[in-house]
Amino acid sequence: MNRTHSSAHSDASGDEGHRRILDALHDHGWSEQDNFLSPELTLSLALECAALAAAGTLALAQISQGAARSLQPNVRGDRIHWLEAGQSEACDSYLAIMETLRIALNRGLFLGLEEYESHFAFYAPGDSYLQHRDQFRHDDSRTVSVVVYLNADWLPEHGGELRLHPEGLGIWDISPVGSRIAVFLSADMLHEVLPATRDRLSLTGWFRRRT
Ligand code: OGA
Ligand code: MN
């Protein structure tokens with residue numbers, strides 16, 4: 001697979017960036033764009049995530065929903081903290097940026113997205129998340145998955161790729177480089193997180209539709 005739909009232009013959260021995200025999502029079912037957030041905002045969010053981790057306030061993430069909900073660190077090793085409006089200036093800036101993306105997705109792709117939910121995710125070295133899809137079995141409200149990476153100076157040898165398995169197209173790896181955004185359709189895209197050799201920080205979220 002060539003990488004024609006990835007791009008390294010700046011300001012991927014502006015109109016031009018939105019257009020590239022929508023085009024790739026429409027044509028391929030996923031999109032990868034660099035420089036989605038400013039370096040300053042990425043740094044503020046990274047420091048906030050690291051501080052939450054250091055304070056021990058991140059909770060081991062669960063899988064499934066309802067009665068099937070469970071902790072299975074061998075399946076999913078990240079620790080998370082759900083974002084709430086007003087928790088910090090940086091988080092509010094981030095949520096405002098995602099709101100403009102929600103509106104662009106609705107205008108361009110008629111997705112009827114109504115809400116955005118997001119959490120910080122912290123993977124310690126060696127942690128991973130085995131192959132899965134993001135929609136729950138009994139709840140198909142999650143429609144578009146978004147991951148924004150917060151890692152300064154990430155090198156290929158650090159690992160930690162988001163590995164997509166687009167149907168019939170092999171694999172596609174996205175390295176968790178700071179300010180990069182990965183977007184994909186929650187129902188369709190099988191994906192996994194490969195282990196890294198250093199802490200791996202991100203904001204992971206879902207645009208939801210009313211069901
Ligand atoms: C998830 C997930 C991908 C990533 O949290 O469901 O697949 O790259 N995250 O962190
Ligand atoms: Mn996922």
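See the structure printed just above.
Below: a short report on this structure. (Residues numbered from 1 in each chain as written. Chains lettered and ligands numbered in written order. Predicted model: local features only at pLDDT ≥ 70, side-chain atom pairs only at ≥ 80, totals over all residues. Heavy atoms only, no water.)

This brings us to the site of ligand 1. What surrounds ligand 1 is the set Tyr 129, His 132, Asp 134, Val 147, Tyr 149, Leu 162, His 191, Val 193, Arg 200, Thr 204 and Trp 206. The separation between an oxygen atom of ligand 1 and a polar side-chain atom of His 191 is 2.9 Å. Compared with its free state, where it exposes 300 Å², ligand 1 has 99% of that area covered by protein. A molecule is said to occupy a pocket when more than half its atoms come within 2 Å of that pocket's grid points, and by this definition ligand 1 occupies the largest pocket. Among the elements of the structure, strand E6 (129–132), strand E7 (142–149), strand E11 (190–193) and strand E12 (200–209) are those that each provide at least two residues to the shell around ligand 1. At 3 residues, the largest contribution of residues to the shell around ligand 1 is made by E12. (Near = heavy atom within 4 Å. Polar contact = N/O pair within 3.5 Å; in protein donor to acceptor, adjacent residues only side chain to side chain. Areas by Shrake-Rupley, 256 points an atom, 1.4 Å probe, with all protein chains shown as cover. 1 Å grid on protein atoms, 1.4 Å probe; cavity = no way out; pocket = protein on both sides within 12 Å on 5 of 7 lines; lining within 4 Å. Sits in = over half its atoms within 2 Å of the grid points. Helix = DSSP H or I, 4+ residues; strand = E, 2+ residues; numbered from the N terminus.)

Volume-wise, the largest pocket comes out at about 910 Å³. Around the largest pocket sit 43 residues that line it, and Ile 63, Ser 64, Arg 76, Tyr 129 and Phe 136 are the ones nearest its centre. Put simply, the parts of the chain that give the lining of the largest pocket at least two residues each are strand E3 (59–60), strand E4 (79–82), strand E5 (113–123), E6, E7, E11 and E12. A total of 5 residues in the lining of the largest pocket trace back to one element, the largest contributor, which is E7. Considered class by class, the residues forming the lining of the largest pocket number 21 nonpolar, 11 polar and 11 charged. (Points joined across faces, edges and corners; volume = space filled by probe spheres on them. Nonpolar A, V, L, I, M, F, W, Y, C, P; charged D, E, K, R; others polar.)

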